[in-house]
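Here is how the chains run, residue by residue.
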Amino acid sequence: VMFLNRNCLYMVVFSLEEFLGRENDAKGNEAAKQKEKAEEYLRFWLQNIRTFAPGAPIILVGTKIDKLEEYNDPEALLEVLESIDQQITEMARRVFEGFEHFPWSRCKRWRPEKSSEPADLVFFPADSKFRSSDKKVHSTIMELRNEVMETLKNNPKANEEVPSQWTKVCDDLIATEQAIFTLESIEEICFKRGIVDKGEVRLMLQKFHDLGVAIYFDEDGLRDHIVMRPQHLVDLVKKLIFDRRLHKKLYKNQELFAQHGKLVDEFLDIGVIHDVVLKHLMLTDDGPKVAENKRLYEFSRKILQKFMILCKIGGTEKYLVPSMMQAKGESMDRKEHTVVGMFSLLFKRLRPRSYFETFSGNIVTELSSESKRTKELRGGATSPMILEEQIFGKGKAEIYLEPLRFRISTSM
């Protein structure tokens, strides 16, 4: 969710075939489970966009309409699509509760073959493989293109005028295919394009960030580097967040495991990573080089902290990776705890798991720090909080912090 921005247009694509749960998949999963998985996928993205990019325009696209070939009758096909439309609309009502209008486009011009009546759907049904004899794409794809252009045309941010030199600098940066630039190197490129004021350079970079062209933060520890290829950050995140059952890369390094086996286990068990293991993941993986030197490594670590992918545990050389926290069931009474302080929060609206992960990371960082405010929160406790165990259950989350424990409750 770190790339979600309300200034963007989001196209959420799902499979109509899977949403219907028509038949068992290749792994033998039942149709009902297949449908449940497809609904959960759609709900996941709607919840995250609603939470982290409220008000951003959304276009829903239902692919594989060609797979619904048994509905030869246009009326039967339209009936099925309208049934899906009702399910998605009901899902949206719950996710976007409190919004005056759903922030997405409707498909009003598509019609099944041999039908004279156009559909009015909350999603665009598409056959992405379709090509006619004259190599034209499916009619829905054309309508999608028009809808995207129309939506962007009505977006004030997308239509703001910028100096032509800024556009040329942007083209220069993209043409290099370089992932990360130093501020100094960008200033040199700007100078060649006639931009000599450093304040204007920062203003330009902030505009690039707002439009999703670059990732730039004008703050200590981050302002000296600019990310021009978001895939770089995705590659970083993939090194820290993965399925333990499928990826055994930490265990393959015998030297690391022999020296720091307990630290590796701690990361895989409860999502707490030591700086030693972090450097191993970020500096020695086979993917793109994350750091050529200590300075670039520090920037990479800090930008992950900025997005709450990493959360510093004060007084230690450890970080919490909230997305690697394991779900441990519904029970909240796994251990006996001396509760020095406890607070509960009730959320009236549905929140995605990522919201609680970020929230938990913020609390862990704050309660383990040595700030005056944190010491007041800790009351009689004089030492920083030590992360002991976390539990994620459906609709609630609990992290035990000695000697304080906190619980999050929601209406999920």
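This is a predicted model, so every value here is computed, not measured.

Visitor: Whenever I open this one, helix H5 (residues 164-176) confuses me. Can you help?
Guide: Helical periodicity: at 3.6 residues per turn, an α-helix aligns residues three or four positions apart in one direction. For H5, with 13 residues, the first-to-last C-alpha span of 19 Å sits near the 18 Å given by 1.5 Å per residue. Residues Trp166, Val169, Cys170 and Leu173 constitute the buried set of H5. What you see down the axis of H5 is that its buried residues fit within an arc of 100 degrees, all on one side. On its buried side, H5 packs onto strand S4 (180-182), helix H6 (183-192) and helix H7 (198-210). In the segment just after H5, glutamate 177 is the residue with positive phi, at about 60 degrees.

Visitor: How should the environment of lysine 192 be read in this particular structure?
Guide: With respect to the element layout, lysine 192 can be found in helix H6. With 27 residues separating them along the chain, lysine 192 and glutamine 165 place their C-alpha atoms 9.9 Å apart.

Visitor: Would you explain helix H4 (residues 139-153) in this entry?
Guide: Helix length check: H4, at 15 residues, gives a terminal C-alpha distance of 21 Å against a target of 21 Å (1.5 Å per residue), a fit within 8%. All buried positions along H4 are accounted for by Thr140, Glu143, Leu144, Glu147, Val148 and Thr151. Projected down its long axis, H4 shows its buried positions confined to an angular sector of 140 degrees, all on one face. Across H4 from its buried face, at more than 90 degrees, point the exposed residues Met149 and Lys153.

Visitor: Explain the sheet that holds strand S2 (residues 58-63) here, please?
Guide: Two pairing modes exist for strands in a sheet, parallel and antiparallel, and in both the strands are linked by backbone hydrogen bonds. The strand order across the open sheet formed by three strands is S1-S2-S3, and the pairing between neighbours is parallel. Looking along the sheet, the strands with just one partner apiece sit at the ends: strand S1 (10-15) and strand S3 (124-125). The sheet contact formed by S1 and S2 spans six bridges and is parallel. Within S2, the residue paired with serine 15 across the bridge is threonine 63.

Visitor: Is there a simple way to think about the packing of aromatic side chains in this case?
Guide: The relation between two aromatic rings is expressed through the spacing of the ring centres and the mutual angle of the planes. Across all of its chains, the model carries four aromatic pairs by this definition. Centroid distance phenylalanine 14 to phenylalanine 19: 5.6 Å. Interplanar angle 55 degrees. Geometry classified as tilted. You'll find phenylalanine 14 and phenylalanine 19 in the same group, each marked buried. Taking 5.8 Å as the distance between ring centres and 70 degrees as the angle between the ring planes, the aromatic pair formed by phenylalanine 217 and phenylalanine 307 counts as edge-to-face. Within this pair, whereas phenylalanine 217 is found in the loop between H7 and strand S5 (225-227), its partner phenylalanine 307 is found in the loop between helix H12 (294-306) and strand S7 (311-313), the two being separated by 90 residues in sequence. Classification of phenylalanine 217 as buried rests on a relative accessible area of 13%. One aromatic cluster in this structure is built from Phe14, Phe19 and Phe123. Between the NZ or CZ atom of lysine 312 and the centre of the ring of tyrosine 319, over which it lies, the distance is 5.4 Å.

Cut-offs used in this document
- Residues numbered from 1 in each chain as written.
- Predicted model: local features only at pLDDT ≥ 70, side-chain atom pairs only at ≥ 80, totals over all residues.
- Heavy atoms only, no water.
- Helix = DSSP H or I, 4+ residues; strand = E, 2+ residues; numbered from the N terminus.
- Expected span 1.5 Å × (residues − 1).
- Buried < 20%, exposed > 50% of the residue type's maximum accessible area, 1.4 Å probe, protein only.
- Arc of directions from axis to C-beta.
- Contact = heavy atoms within 4.5 Å.
- Pairing = 2+ DSSP bridges.
- Phe/Tyr/Trp six-rings, centres within 6.5 Å; stacked < 30°, edge-to-face > 60°.
- Lys NZ or Arg CZ within 6 Å of the ring centre and 35° of its normal.

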